[in-house]
Amino acid sequence: MGAPPGYRPSAWVHLLHQLPRADFQLRPVPSGFAPQEQEYQQALLLVAALAGLGLGLSLIFIAVYLIRFCCCRPPEPPGSKTPSPGGGCVTWSCIVALLAGCIGIGIGFYGNSETSDGVSQLSSALLHANHTLSAIDHLVLETVERLGEAVRTELTTLEEVLEPRTELVAAARGARRQAEAVAQQLQGLAFWQGVPLSPLQVAEDVSFVEEYRWLAYVLLLLLELLVCLFTLLGLAKQSKWLVIVMTVMSLLVLVLSWGSMGLEAATAVGLSDFCSNPDPYVLNLTQEETGLSSDILSYYFLCNQAVSNPFQQRLTLSQRALANIHSQLLGLEREAVPQFPSAQKPLLSLEETLNVTEGNFHQLVALLHCRGLHKDYGAALRGLCEDALEGLLFLLLFSLLSAGALATALCSLPRAWALFPPSDDYDDTDDDDPFNPQQESKRFVQWQSSI
């Protein structure tokens with residue numbers, strides 16, 4: 001298989017592709033990309049389920065830790081206001097965990113951007129390929145229509161003008177046959193015409209899904225950033241109600257982080273299987289969707305010397321026919337115009353049509369070469385297998401850091417909350433407030449002493 005220009009499977013692709021896979025019965029599954037097979041689907045679901053297992057274990061650990069903290073701590077002496085030993089360490093561990101979560105958020109924004117860039121490169125390659133295929137169809141249609149119009153009008157008029165000379169009429173009819181042969185050969189070059197699979201529609205679908213994926217991750221990142229910042233604010237202000245609210249929000253974001261981790265891990269593993277050897281799957285899928293022959297698809301997807309141009313025979317016959325038409329028109333112009341001056345106008349029109357046809361033919365030769373579409377194929381693979389996969393790995397790192405930071409914070413916040421000073425209504429009042437009960441008692445004591 002010939003790799004697209006500039007694309008080689010990266011080290012991450014090889015590493016992820018070598019990871020063992022198993023179905024629900026824990027039977028080994030080959031690492032070849034086969035999303036239509038049930039065993040392979042189960043293997044990816046099992047990879048995603050590992051994140052669910054991690055979520056369950058983390059929740060169990062947090063619950064056991066909090067139960068132990070609430071039920072097994074020694075009772076404090078009545079009236080004791082001395083903070084428990086290690087309280088500062090608990091607070092600082094919570095702060096460090098939240099700062100690590102903020103670092104993970106930065107990594108998540110970078111990974112989200114990289115993934116979006118890779119998918120955008122895939123969409124751009126699909127759009128460029130659609131432009132090339134549309135240009136081929138347009139040139140073929142335009143050339144065939146122009147040749148058909150020339151056969152119906154100019155050549156018919158020329159035959160009527162040259163009717164007194166049988167040999168000249170035979171030459172004009174020979175040009176007609178050659179023009180019809182060129183039109184027939186060119187019609188077979190529009191290989192994508194009538195194909196149900198549209199690269200434009202695929203690009204639009206990919207962009208639509210990517211837009212919502214990008215937005216969902218941005219909202220998740222912003223939500224976790226707000227949780228970290230408001231939790232740090234609650235610790236700094238020693239606000240119990242704010243810390244309690246952020247504890248509940250941290251639990252929610254923890255569940256979302258583990259869920260995104262499972263989705264990212266399964267997608268990265270499946271993408272590595274695809275990117276390790278994408279040609280067979282792409283060829284088979286495109287052939288199923290389009291119904292095109294394997295010769296045409298192999299020529300454009302592989303583009304190597306081992307695969308010949310499937311349109312070479314048509315191009316050669318068309319070029320020879322155009323050359324024959326050109327020589328016949330020159331012969332008619334040299335012999336018929338001196339005797340039939342009225343034949344000059346249709347001959348000039350035919351020469352103009354022939355020049356345009358030859359120009360379109362050279363453009364078709366360039367567009368039908370495998371270089372252009374194969375370059376788009378390589379750009380699509382680089383966007384998907386390099387930028388998008390790298391972005392997924394950064395998002396996976398973000399989810400891992402986020403889950404660890406939030407789990408640590410959930411274990412530390414209740415202990416830090418217990419170290420806050422008691423918050424009652426009297427503590428928050430101003431000492432200079434004349435309606436403060438403490439100030440009233442002080443004034444009553446001073447009044448009794450003065451008496």
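Please read all numbers here as calculations on a predicted model, not as lab measurements. (Residues numbered from 1 in each chain as written. Predicted model: local features only at pLDDT ≥ 70, side-chain atom pairs only at ≥ 80, totals over all residues. Heavy atoms only, no water.)

Student: I keep staring at the packing of aromatic side chains and nothing clicks. Help me out?
Tutor: Centre distance and the angle of the planes are the two values used to describe a pair of aromatic rings. Enumeration over the complete set of coordinates arrives at 12 aromatic pairs. Taking 4.9 Å as the distance between ring centres and 85° as the angle between the ring planes, the aromatic pair formed by tyrosine 110 and phenylalanine 394 counts as edge-to-face. A residue pair is termed long-range when its members are at least 10 positions apart, and tyrosine 110 in helix H3 (residues 87-152) and phenylalanine 394 in helix H12 (residues 370-418) qualify at 284 residues. Judged by its relative accessible area of 39%, tyrosine 110 is partly exposed. By relative accessible area, phenylalanine 394 is classed as partly exposed at 27%. Between the aromatic rings of phenylalanine 191 and tryptophan 192, the centroid separation amounts to 6.2 Å while the plane-to-plane angle is 90°, which identifies the pairing as edge-to-face. Residues phenylalanine 191 and tryptophan 192 agree in their burial class; the two are buried. The structure contains a cluster of three or more aromatic residues connected by ring pairs, namely Phe191, Trp192, Tyr299, Tyr300 and Phe311. (Phe/Tyr/Trp six-rings, centres within 6.5 Å; stacked < 30°, edge-to-face > 60°. Helix = DSSP H or I, 4+ residues; strand = E, 2+ residues; numbered from the N terminus. Buried < 20%, exposed > 50% of the residue type's maximum accessible area, 1.4 Å probe, protein only.)

Student: So what exactly am I meant to see when it comes to the UniProt feature "transmembrane region" (unreviewed entry) in the chain here?
Tutor: Sites flagged by UniProt as "transmembrane region" (unreviewed entry) map to residues 43-67, 88-110, 214-235, 242-261 and 392-413. Here residues 214-235 is 100% helix and 0% strand, with 32 Å between the C-alpha atoms at its ends. (UniProt positions renumbered as here; feature names shortened; annotations may be inferred.)

Student: Sorry, what's going on with the layout of surface pockets here?
Tutor: Estimates place the volume of the largest pocket at around 1600 Å³. What lines the largest pocket is a set of 49 residues, and nearest its centre among them are Leu122, Val202, Val206, Phe274 and Leu384. When contributions to the lining of the largest pocket are tallied by element, the ones reaching two or more residues are helix H2 (38-72), H3, helix H6 (199-237), helix H7 (240-276), helix H8 (278-290), helix H9 (294-302) and H12. For the lining of the largest pocket, the element with the most residues is H12, which contributes 10 residues. For the lining of the largest pocket, the residue count by class is 38 nonpolar, 5 polar and 6 charged. (1 Å grid on protein atoms, 1.4 Å probe; cavity = no way out; pocket = protein on both sides within 12 Å on 5 of 7 lines; lining within 4 Å. Points joined across faces, edges and corners; volume = space filled by probe spheres on them. Nonpolar A, V, L, I, M, F, W, Y, C, P; charged D, E, K, R; others polar.)

Student: Honestly, the state of the cysteines in this entry has me stumped. Any pointers?
Tutor: Where two cysteines share a covalent bond between their sulfur atoms, that bond is called a disulfide. In total, this model carries 2 disulfides according to the counting rule given. A sulfur-sulfur separation of 2.0 Å characterises the disulfide bridge that pairs cysteine 275 with cysteine 385. Across the S-S bond of cysteine 275 and cysteine 385 the torsion is about -85°, and the bridge reads as left-handed. Residue cysteine 275 is located in helix H7, and its partner cysteine 385 is located in helix H12; the two are separated by 110 residues in the primary sequence. (Disulfide = S-S within 2.5 Å.)

Student: I'm lost on the nonpolar core in this one. Help?
Tutor: Most often, soluble globular proteins keep nonpolar side chains buried together rather than apart. Grouped together as the largest cluster of nonpolar side chains are 76 residues, with contacts concentrated most on Leu158, Leu162, Phe191 and Tyr300. Within the second largest apolar cluster, 14 residues are counted, among which are Leu221, Ala409, Leu413 and Ala416. (Core = buried A, V, L, I, M, F, W, Y, C linked by side-chain atoms within 4.5 Å.)

Student: Teacher, can you tell me more about the side chain of aspartate 376 here?
Tutor: Secondary-structure assignment places aspartate 376 in helix H12. This buried residue, aspartate 376, is left without a salt bridge; lysine 375 holds the nearest opposite charge, at 7.0 Å. Dropping the residues within four chain positions of it, aspartate 376 is found in contact with Ala125, His128, Ala129 and Thr132. (Lys, Arg positive; Asp, Glu negative; His and termini not counted. Salt bridge = Lys/Arg side-chain N within 4 Å of Asp/Glu carboxyl O. Contact = heavy atoms within 4.5 Å.)

Student: Explain a nonpolar patch on the surface here, please?
Tutor: Residues Leu50, Leu53, Leu57, Ile60 and Val64 make up a contiguous nonpolar surface patch of roughly 510 Å² in combined accessible area. Note on placement: isoleucine 60 falls in helix H2. (Patch = residues over 30% accessible without salt bridge, like charges linked within 9 Å, V, L, I, M, F, W, Y side chains within 5 Å. Areas by Shrake-Rupley, 256 points an atom, 1.4 Å probe, with all protein chains shown as cover.)

Student: Just checking my understanding: could you explain the side chain of arginine 21 for this structure?
Tutor: You can see arginine 21 is positioned in the loop between helix H1 (11-17) and H2. With sequence-adjacent residues up to four places away left out, arginine 21 is seen in contact with Leu16, Arg27, Pro28, Val29, Pro30, Ser31, Ala43, Val269, Ser272 and Asp273.

Student: I would appreciate a short explanation of the environment of valine 169 in the present structure.
Tutor: Along the polypeptide, valine 169 turns up in helix H5 (residues 166-187). For valine 169, a relative accessible area of 9% puts it in the buried group. Along the backbone, valine 169 and leucine 155 are 14 residues apart, and their C-alpha atoms lie at a distance of 9.8 Å. Leaving out residues up to four positions away in the same chain, valine 169 has contacts with Glu159, Leu162 and Glu163.

Student: Even after reading the chapter, I still don't get empty space enclosed by the protein, so can you show me in this structure?
Tutor: Sizing a probe to match a water molecule and rolling it over the atoms shows the empty space that remains. Enumeration according to the criterion identifies 1 cavity of 30 Å³ or more in this entry. Taken as a whole, the largest cavity holds about 90 Å³ of empty space. When residues of the lining of the largest cavity are traced back to their parent elements, those giving at least two are H3, H5, helix H10 (312-339) and helix H11 (344-368). The element contributing the most residues to the lining of the largest cavity is H11, with 3 residues.

Student: Can you help me understand H5 in this one?
Tutor: Residues separated by three or four positions in an α-helix point in the same direction, a consequence of the helix having 3.6 residues per turn. Here H5 is 22 residues long and its end C-alpha atoms lie 32 Å apart, about the 32 Å a rise of 1.5 Å per residue gives. When we look at burial in H5, the residues that qualify are Leu168, Val169, Ala172, Gly174, Ala175, Arg176, Ala179, Val182, Ala183, Gln185 and Leu186. (Expected span 1.5 Å × (residues − 1).)

Student: Any chance you could explain the environment of leucine 26 here in plain terms?
Tutor: Turning to its location among the elements, leucine 26 is positioned in the loop between H1 and H2. Given a relative accessible area of 63%, leucine 26 falls into the exposed group. In this structure the C-alpha to C-alpha distance between leucine 26 and leucine 46, which are 20 residues apart in sequence, comes to 9.3 Å.

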